[in-house]
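Observations on chain architecture
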Amino acid sequence: MDNFDELHTVSDLHLGGREGAEVFCSERELAALIQWAANRARGGRRVAFGILGDIVDFLSFDGSGYFNPQRAVEWLDEVATKRPTKVVFEALREFTAVADATLVLVLGNHDIELALPDVRQRLIDHCAGANEQRVRVVFDGTGYECRVGGERGATVLCLHGNERDKWNCIDHGALQRSVRSVRIGGLPAQEVAPNAGTRLVIDALNKAKRQIPFIDLLQPEQEVALRVVLALSEQERGVGLASALGPAAKIWSQLREDESRLARGTLGLEPTDDPLAALEVESDATSDLGSADARAAYVSDLFDKTEMRFENSADPLDPKTIGSNGSLGLLDDAVRWFTRGSLPETLRRAIGVDDDGSDKPANNVLVGSADASVEAIRSWVRKDRDVVIAGHTHVAKFIETKRAGSVSSVFMNSGTWIRVIRLRPAWLDEPTFSSELMPGLLRRTMRELDAATVAGSPLVSHDRTVASVEPTENGAVVARLRFVATLAAADGANAAPPAALDTRQLFRPTLERSCEVVSAPTGGR
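Residues numbered from 1 in each chain as written. Predicted model: local features only at pLDDT ≥ 70, side-chain atom pairs only at ≥ 80, totals over all residues. Heavy atoms only, no water.

Attention shifts here to the nonpolar core. Soluble globular proteins: nonpolar side chains tend toward being buried together. The biggest cluster of nonpolar side chains holds 62 residues, and the ones touching the most others in it are Leu 30, Leu 33, Phe 49 and Leu 105. Among the secondary structure elements, those contributing two or more residues to this core are helix H1 (27–42), strand S3 (47–52), helix H2 (72–81), helix H3 (86–96), strand S4 (101–106), helix H4 (117–128), strand S5 (135–138) and helix H5 (172–183). The element that contributes the greatest number of residues to this core is H1, accounting for 9 residues. What Leu 33 contacts, discounting residues up to four positions off in sequence, is Val 10, Phe 49, Trp 417, Val 466, Val 484, Leu 506 and Phe 507. (Core = buried A, V, L, I, M, F, W, Y, C linked by side-chain atoms within 4.5 Å. Buried < 20%, exposed > 50% of the residue type's maximum accessible area, 1.4 Å probe, protein only. Helix = DSSP H or I, 4+ residues; strand = E, 2+ residues; numbered from the N terminus. Contact = heavy atoms within 4.5 Å.)

Take a look at the structure:
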């Protein structure tokens, strides 16, 4: 296990995408943070800098599909050498040139192509050049584990955070089979079936966001995004209802399938002619199915439902052929529910505003209590780790659990570095909704969205979260969640960030959260 003096992590950069519609625009701030970490390593500390998934967004480029092995290297080269984001890769090469620096790269759900041998090597080349020995790559879904603060320091697990997300779980078994076909057999990469979140992006959101680009920034994601697309479609706001409903049926079907595979522990298993064999692989995952007869009945029922759909239509997922009593018939009811009434009312329901007008916790930054996404991760990982860091949801969190003495265990969500829009309940009240919010949301470019204000506040925000684990002067180890400040504008779009920034210049101290996870030693370590 690697042992560091300090660890600093970011996630969900989503670099790249359709030119002019990129959701990431914090090149100078991220480069400055990486340079700051490099300077700390030059000071004799063993410093790790981690990027915990969704490094490049291969789903957002023109011509992207569910899986893009043919164009991934081309798009990665473009992001690393031609666009303003090249300053980030220049900073990463500067960081990995330092002897005591280590770069940690974790796979996300928008960049699974990075697991392919040629794409992986190109990423390492762009980030480290000849210093690839200072790069740790974890692209198999197992996360990265290390220790911070010496042999008696804090144990830290770094994940992307999609591992238990029914919308965005990766079939790592299928992905690794594709990797093997390339590396060992010299064959083209095998197709990896998309999860529901990938289907949502490719089949619905990529089409919608050309008309309403704000949908790419709306938080939280997934169900909310699809509901808003449906709501705007019903109100004839630039997206056809039929074009939204067609993909929705297949998205919902994939979601239910992946949810079942996650629950039963069969996600990632190699395909087999015997479904019962797949269910038998992990006995604890199938214990809820009871006896062998019960498992056989479960599989038989799945087959019967599938066969019935094929008998009724050539396309069993076509929403026009699924009756109101079918398993996907609830989609019709959901659409009617989410699109009834006025558009403000529809949006209030879509973004999760309670009847009393308050935000649900999932919409907030720095929530102290766990939501479903947090609980899914915390219930899955071992309980003896001092710190667990994940990203994925784009919602920064710091959740402290008290332990014996003065120390705690901590779950941190490292948030995101893209532009985000978090709608406030007050913005949905008239006349603010009609006169300010809707005109702002319906602006057609990212630059126009950046300039929009609602009730005197910017419509778009930039969180730029950093999750760190580091020692204090007295030898304790603390977990710390910080936010990087906006740097003063520079001359020229590609101007390099300042060569050196101290902590007071780089971070916004008013938003910081921290707590002790390993107490100071009473004697020598």
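The rest of the description comes next.
This part takes up the sheet that holds strand S6 (residues 144–148). Read across the open sheet, the 6 strands follow the order S1-S6-S7-S8-S10-S9; overall the sheet is mixed. Of all the strands in the sheet, just strand S1 (2–4) and strand S9 (397–402) have a single pairing partner and so form its edges. For this sheet the average axis-to-axis angle between neighbouring strands, irrespective of direction, equals 20°. In this structure, strand S8 (residues 387–390) lies alongside strand S10 (residues 408–413), joined through 4 bridges in parallel fashion. (Pairing = 2+ DSSP bridges. Axes fitted to C-alpha atoms, helices over the stretch in contact; angles between N-to-C directions.)

Now for the pairing of S9. Relative to S10, S9 runs antiparallel, the two being bridged by 6 bridges. Bridge pairing in S10 places Lys 402 opposite Ser 408. Counting the residues in the hairpin turn of S9 and S10 gives 5 residues, including Gly 405, whose phi is positive at 75°.

Turning to the sheet that holds S3, a few remarks are in order. One open sheet holds the 7 strands; their spatial order is S5-S4-S3-S2-S15-S16-S17, and the pairing between them is mixed. Edge positions in the open sheet fall to S5 and strand S17 (513–518), since each of these has one partner strand only. Within this sheet the neighbouring strands show an average axis-to-axis angle of 15°, counted without direction. With 7 bridges connecting them, strand S15 (residues 465–471) and strand S16 (residues 477–483) associate as antiparallel partners. Within S16, the residue paired with Thr 465 across the bridge is Phe 483.

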